[in-house]
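One-letter residues, chain by chain:
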Number of protein chains: 2
Amino acid sequence: MNQMNGYIVSLVPPSNFRHHSLKLIHLFSAGIDSLANHPILTDSAIPITTSSGIHGPPIAEWVILTTLVASKHYATQYEWQKQHRWATDRSELRGTTDWVGKTVGIAGYGSIGRQVARVFSALGANIHAYTASPRPTPSSRADTGYFVPGTGDPSGSIPRAWYSGTSKTSLHTFLASGLDALVIALPLTPATRHLFGEEEFNVLGRRALPAPTSTSTPTASPTSIPKTSFLINIARGPLIDQAALIKALNDGTLSGAALDVADPEPLPADDPLWDAKNVIITPHASSLGLEYVRRSYDLFMTNWERRERGERLFNLVDRKKGY
Amino acid sequence: MNQMNGYIVSLVPPSNFRHHSLKLIHLFSAGIDSLANHPILTDSAIPITTSSGIHGPPIAEWVILTTLVASKHYATQYEWQKQHRWATDRSELRGTTDWVGKTVGIAGYGSIGRQVARVFSALGANIHAYTASPRPTPSSRADTGYFVPGTGDPSGSIPRAWYSGTSKTSLHTFLASGLDALVIALPLTPATRHLFGEEEFNVLGRRALPAPTSTSTPTASPTSIPKTSFLINIARGPLIDQAALIKALNDGTLSGAALDVADPEPLPADDPLWDAKNVIITPHASSLGLEYVRRSYDLFMTNWERRERGERLFNLVDRKKGY
């Protein structure tokens, strides 16, 4: 990889970039926030690529981990272990449930949402996808972005239902589709800020129960389905109206939430979110892992080879659009 | 289901069974321990079926949950949350890793092992299966037992490698195949008691590293692979020499263990297993869930329909073999 160092700018772009003959700048980050107003962005035309697309595996594992911590009441069992207690009365575990035949909604079906779908589907859940733009055809559902090889849903064939549209009605139609869990994997933009608030939590929480299945045929849905939904946010805190979320958790509109992001970050120690009912909070750490840097280099090498072949680069920053 | 009650005996078989015209007795349990020496077993010829095969989904979720608790250092983040601490220094999470390109060995490839394989495979891991009897052909790899519809690995096509044999050499060949995790899903028999002891942990822990992959091609194995293995036991405690396990954990031969079973149960509060390094212990609770009874009835109904059609019953107890 040494021969490539001249072309890689990781955390701090060189101040004297005009004297370099840089052909490509690749960022370790998924966004370009770190370069905001930097002359290399505003005054140069050097191609810049991001590391978007490499986050699927660790973040999907975080989603599955925290969802199972909640649905299998792991915190109770963890505390038992600390007390050296082999509980023979399992009444504290009453209500544990698994994901066979459950429905998981995924808002934002990129590299992260697709890997989440892959794993929940393996657990036996049905997937409902939601994207801003409609995806009516098989080809429109394919993943055209970068993703870690062997992961995700390249063809977009996993979702049993696919919702789209940017109107409130479109979003609510998706949220009312019988979701036992909702995973938020959308980008934060002016249009998505506080996209999920009191109304949306009410739609999620008051959903109608699916029609009962016949008892005479074994199906993949032999579950006593909870009436409320579990919310997972691995995107950005401000996608959610956090005060409304705290209320929805505390009054039982939602059965719980797993949040790797908050508003603001760091979340102050006296924020009421910490003490909301059935909430799991981690400090924006879901994408961490030993694999991160290596995968970012893999993406860079893939782009370098595509550049040599004159092909489209993954994650090429559009300076006019600003991402 | 009411019309079937006359044929279902759940926890307590009737003492006056001779006066019943029972056609089939279905047990909620996977084994027949509860009927040991009971006259309905020893003196009657009434067909008895067990609930073996319905445990895949909840136990596979327990395996994934506890493995991710370990690999993503969840306990640290859980304690942070209790302290209302949004950690900005993540050095305590150093070493977290995901399962893309890792190798998971599954000893015992029945309904549980197959569902574990399905989920680890979705996470990006390669599966190595181990069974007592060889499975050289595709048809020999199919699951001929009962399993929850939509789960598992019905065709047996998920494993990248399949090991078999009952000799120590056969077992060690499997254990030396580069396993980042080993899931024990074998039945406990005189032949499998203490199957996993000091020698086996040494083989697991001292495994050779796989050959490095080229850096110029993105692969599914971009990982810094730990040198030791994580052990998971969801079967029975005495499959493991527990004193040897404690030693292997404390001296770092194994990177950790997740145990839903122990020897003995309940595990006494002063047992040294509780304080072994990197151990996760739960009180034989991995199969619990709201779905259990419903799935057992599903299996019974399936068997009842097969009986009507004159087909082979799932899990029919062989009184001579004793299971």
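Just so it is clear, the model here is predicted, and its values are computed rather than measured.

About the thresholds
Residues numbered from 1 in each chain as written. Chains lettered and ligands numbered in written order. Predicted model: local features only at pLDDT ≥ 70, side-chain atom pairs only at ≥ 80, totals over all residues. Heavy atoms only, no water. Contact = heavy atoms within 4.5 Å. Buried area = accessible area lost by both parts, 1.4 Å probe. Salt bridge = Lys/Arg side-chain N within 4 Å of Asp/Glu carboxyl O. Helix = DSSP H or I, 4+ residues; strand = E, 2+ residues; numbered from the N terminus. Nonpolar A, V, L, I, M, F, W, Y, C, P; charged D, E, K, R; others polar. UniProt positions renumbered as here; feature names shortened; annotations may be inferred. Phe/Tyr/Trp six-rings, centres within 6.5 Å; stacked < 30°, edge-to-face > 60°. Buried < 20%, exposed > 50% of the residue type's maximum accessible area, 1.4 Å probe, protein only. Lys NZ or Arg CZ within 6 Å of the ring centre and 35° of its normal. Pairing = 2+ DSSP bridges. Axes fitted to C-alpha atoms, helices over the stretch in contact; angles between N-to-C directions.

**Things to note about the interface of chain A and chain B**
- In this complex, chain A contributes 77 residues to the contact, which on the side of chain B involves 77 residues.
- Summing both partners gives a buried area of about 7,000 Å² for chain A against chain B, and 59% of it is carried by carbon and sulfur.
- Interface area lost by chain A to chain B is led by Glu61, His84 and Trp86 of chain A, which between them contribute 13%.
- In this structure, the connection of chain A to chain B is made through 6 salt bridges.
- Between Lys102 of chain A and Glu291 of chain B there is a salt bridge, with its nearest N and O atoms 3.5 Å apart.
- Broken down by secondary-structure element, the contributors of at least two residues to the side of chain A that touches chain B are helix H2 (56-71), helix H3 (74-82), helix H4 (111-122), strand S9 (279-281) and helix H9 (292-308) of chain A.
- Within the side of chain A that touches chain B, the residues separate by chemical class into 39 nonpolar, 21 polar and 17 charged.

**Describing the UniProt feature "domain: D-isomer specific 2-hydroxyacid dehydrogenase NAD-binding" (unreviewed entry) in chain A**
- As recorded in UniProt, the feature "domain: D-isomer specific 2-hydroxyacid dehydrogenase NAD-binding" (unreviewed entry) lies at residues 67-138 and 225-285 of chain A.
- Along residues 67-138 of chain A, the helical share is 38% and the strand share 15%, with 30 Å between the first and last C-alpha atoms.

**Topic: the packing of aromatic side chains**
- With the rule as written, the count across this model stands at 17 aromatic pairs over all chains.
- The interplanar angle of 75° and the centroid separation of 4.9 Å between the aromatic rings of Tyr78 of chain A and Tyr78 of chain B together place this pair among those described as edge-to-face. In this pair, Tyr78 of chain A sits in helix H3 while Tyr78 of chain B sits in helix H3 (residues 74-82), so the two residues belong to two different chains. The exposure classification of Tyr78 of chain A matches that of Tyr78 of chain B, with both residues buried.
- A centroid spacing of 5.7 Å and a plane angle of 85° characterise the contact between Phe28 of chain B and Tyr297 of chain B, whose relative ring orientation is edge-to-face. Residue Phe28 of chain B is located in the loop between strand S1 (25-26) and helix H1 (39-42), and its partner Tyr297 of chain B is located in helix H9 (residues 292-308); the two are separated by 269 residues in the primary sequence.
- With a relative accessible area of 18%, Phe28 of chain B lands in the buried category.
- Among the aromatic side chains, those forming a connected cluster through ring pairs are Tyr74 and Tyr78 of chain A together with Tyr74 and Tyr78 of chain B.
- Over the ring of Phe314 of chain A we find Arg306 of chain A, and its NZ or CZ is 4.2 Å from the ring centre.
- Its guanidinium or amino end placed over the ring of Trp304 of chain A, Arg307 of chain A lies 4.9 Å from that ring's centre, counting from NZ or CZ.

**Regarding the sheet that holds strand S8 (residues 254-259) of chain A**
Residues and elements named next belong to chain A.
- Taken in spatial order, the 7 strands line up as S5-S4-S3-S6-S7-S8-S9 in an open sheet, and their pairing is parallel. At either margin of the open sheet sits one strand with a lone partner, and together these are strand S5 (161-164) and S9. If you compare each strand with its neighbour and ignore which way they point, the axes differ by 15° on average.
- Strand direction decides the pairing type here: strand S3 (residues 103-107) and strand S6 (residues 181-184), joined by 4 bridges, are parallel. In the sheet register, Gly105 faces S6, and the bridge partner there is Leu182.
- Seen against the sheet, helix H8 (residues 242-250) touches strand S7 (229-233), S8 and S9 and runs at an angle of roughly 135° to S8.

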